Amino acid sequence: MIKRGVAEAIGTFGIVFFGCGAIMVAERFPHTISPASIPIIFGLVVATMVYTLGHISGAHFNPAVTLAFAISRHFPFRDVVAYWIAQVIGALIGIAILYLILPPGHSYGATIPQVDLASAFAWEIVLTFVLMFVIMGVATDTRAVGTMAGAAIGAAVMMGAFVGGPVTGASMNPARSLAPLIAEGRLDLFWLYLFAPMVGAALASLLYKWIRSGNSA
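These numbers were taken from a predicted model, which means no experiment stands behind them.

What counts, and at which threshold
- Residues numbered from 1 in each chain as written.
- Predicted model: local features only at pLDDT ≥ 70, side-chain atom pairs only at ≥ 80, totals over all residues.
- Heavy atoms only, no water.
- Helix = DSSP H or I, 4+ residues; strand = E, 2+ residues; numbered from the N terminus.
- Rg over C-alpha atoms; globule rule 2.2 N^0.38 Å.
- Areas by Shrake-Rupley, 256 points an atom, 1.4 Å probe, with all protein chains shown as cover.
- Lys, Arg positive; Asp, Glu negative; His and termini not counted.
- Charge placed at Lys NZ, Arg CZ, Asp CG, Glu CD.
- Salt bridge = Lys/Arg side-chain N within 4 Å of Asp/Glu carboxyl O.
- Buried < 20%, exposed > 50% of the residue type's maximum accessible area, 1.4 Å probe, protein only.
- Polar contact = N/O pair within 3.5 Å; in protein donor to acceptor, adjacent residues only side chain to side chain.
- Contact = heavy atoms within 4.5 Å.
- Core = buried A, V, L, I, M, F, W, Y, C linked by side-chain atoms within 4.5 Å.
- Axes fitted to C-alpha atoms, helices over the stretch in contact; angles between N-to-C directions.
- Parallel < 35°, antiparallel > 145°, perpendicular 65-115°, else oblique.
- Nonpolar A, V, L, I, M, F, W, Y, C, P; charged D, E, K, R; others polar.
- Left-handed = near helix turned anticlockwise from the far one by under 90°.

### Topic: the overall build of the protein
When you go through the protein residue by residue, the secondary structure sums to eight helices and zero strands. Against the 2.2 N^0.38 benchmark of 17 Å for 217 residues, the protein shows a C-alpha radius of gyration of 16 Å, consistent with a compact globule. If one aligns the C-alpha atoms of the protein with their principal axes, the spans along those axes are about 55 × 40 × 30 Å. Carbon and sulfur atoms form 73% of the exposed surface of the protein, whose accessible area is close to 10000 Å². Looking at the protein, you have 10 positive and 8 negative side-chain charges, and the mean spots of the two groups are 13 Å apart.

Structure follows, in structure tokens:
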């Protein structure tokens with residue numbers, strides 16, 4: 001469990017360091033990183049970490065994914081809290097290092113809704129639902145092309161970030177949102193980025209499990 005936890009922490013650290021780091025660099029050093037490239041960076045770092053650590057920890061890197069796997073019986077409930085702790089620690093370390101090595105600025109990559117909270121909640125449910133549905137398909141179904149799992153999951157993150165980023169920040173991941181929200185002093189929004197991804201991921205895992213049942217290869 002310790003080694004798997006370290007892998008989860010490193011993977012979540014990578015997502016926050018490179019994804020939120022790209023947002024911070026773009027703000028602090030104008031004309032360096034294009035805002036349009038940030039979704040690509042998030043997708044690439046997720047894909048990279050899945051390929052690097054998937055065989056060690058399962059490459060959740062996301063408390064909502066961990067919960068959804070447990071609900072759909074692809075992960076033991078007894079290990080859920082340990083994974084959550086590792087993911088949050090990795091995210092906090094990522095933001096802490098960025099805080100220390102970058103000049104001061106206004107943004108730390110926090111996910112801030114640009115629509116009313118009810119709409120933002122619905123957006124995060126849908127975005128996370130699609131991401132988790134893809135994860136279920138490529139990571140739990142033996143009929144899928146396993147070597148493409150990282151690419152498919154990274155692409156799902158990228159699509160969500162391109163479309164949902166301007167609306168809610170396209171979190172899809174409570175750990176990814178928690179650390180920058182703490183840095184920006186916006187913990188009042190954390191409930192949105194905690195519960196909406198949890199709901200979306202749980203629904204996707206249960207639906208995929210139902211679709212697959214009785215239809216195995």
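There's more to say after this.
### Section: the pattern of salt bridges
Considering all chains together, one arrives at three salt bridges under this definition. One salt bridge connects Asp79 with Arg4, and the closest N-O pair in it is separated by 3.5 Å. Residue Asp79 is located in the loop between helix H3 (63-71) and helix H4 (80-101), and its partner Arg4 is located in helix H1 (residues 2-28); the two are separated by 75 residues in the primary sequence. Arg4 gets classed as partly exposed once you look at its relative accessible area, which sits at 26%. Across the salt bridge formed by Arg186 and Asp188, the nearest N and O atoms sit 3.1 Å from each other. For Arg186, a relative accessible area of 30% corresponds to the partly exposed category.

### Overview of the side chain of His60
Relative to the helices and strands, His60 is located in the loop between helix H2 (38-57) and H3. Here the side chain of His60 touches Thr66 through a polar contact of 2.8 Å, side chain to side chain. Once residues within four sequence positions are removed from consideration, His60 is found in contact with Glu8, Val65, Thr66, Phe69, Phe75, Tyr83 and Gln87.

### With respect to the nonpolar core
Note that soluble globular proteins tend to have their nonpolar side chains buried in a common cluster. In terms of nonpolar packing, the biggest core is built from 39 residues, with Val46, Phe61, Phe69, Leu131, Met132, Ile135 and Ile153 touching the most fellow members. At the level of secondary structure, the elements contributing two or more residues to this core comprise H1, H2, H3, H4, helix H5 (117-139), helix H6 (149-168) and helix H8 (190-212). No other element matches H2, which puts seven residues into this core. If we skip the residues at most four places from it in the chain, Phe61 touches Ala7, Glu8, Gly11, Thr12, Ile15, Met49, Val50, Leu53, Gln87 and Asn173.

### Looking at the environment of Ala68
Checked against the element boundaries, Ala68 lands in helix H3. Ala68 gets classed as buried once you look at its relative accessible area, which sits at 1%. Sequence spacing of Ala68 and Val199 is 131 residues, and the spatial spacing of their C-alpha atoms is 8.8 Å. Ala68 has contacts with Met132, Ala201, Ala202 and Ser205, leaving out every residue within four places of it along the chain.

### Details of the packing of H5 against H6
The geometry of H5 relative to H6 is characterised by a closest axis approach of 9 Å and an angle of 175° between their N-to-C directions. Comparing the axis directions of H5 and H6 gives the class roughly antiparallel. Every residue of H6 that contacts H5 at Ala120, Trp123, Glu124, Leu127, Leu131, Val134, Ile135 and Val138 is listed here: Ala149, Ala152, Ile153, Ala156, Val157, Gly160, Val163, Gly164, Val167 and Thr168. Of the residues that constitute the contact of H5 with H6, the class distribution is 14 nonpolar, three polar and one charged.

### Points about the packing of H2 against H6
Two elements in contact, H2 and H6, have axes separated by 8 Å at closest approach and are oriented at 155°. The orientation of H2 with respect to H6, classified from their angle, is roughly antiparallel. For the crossing formed where H2 meets H6, the hand is right-handed. Where H2 abuts H6, its residues Pro39, Ile40, Phe42, Gly43, Val46, Ala47, Val50 and Tyr51 lie against Ala149, Gly150, Ala151, Ile153, Gly154, Val157, Met158, Ala161 and Phe162. Split by residue class, the contact of H2 with H6 holds 14 nonpolar, three polar and no charged.

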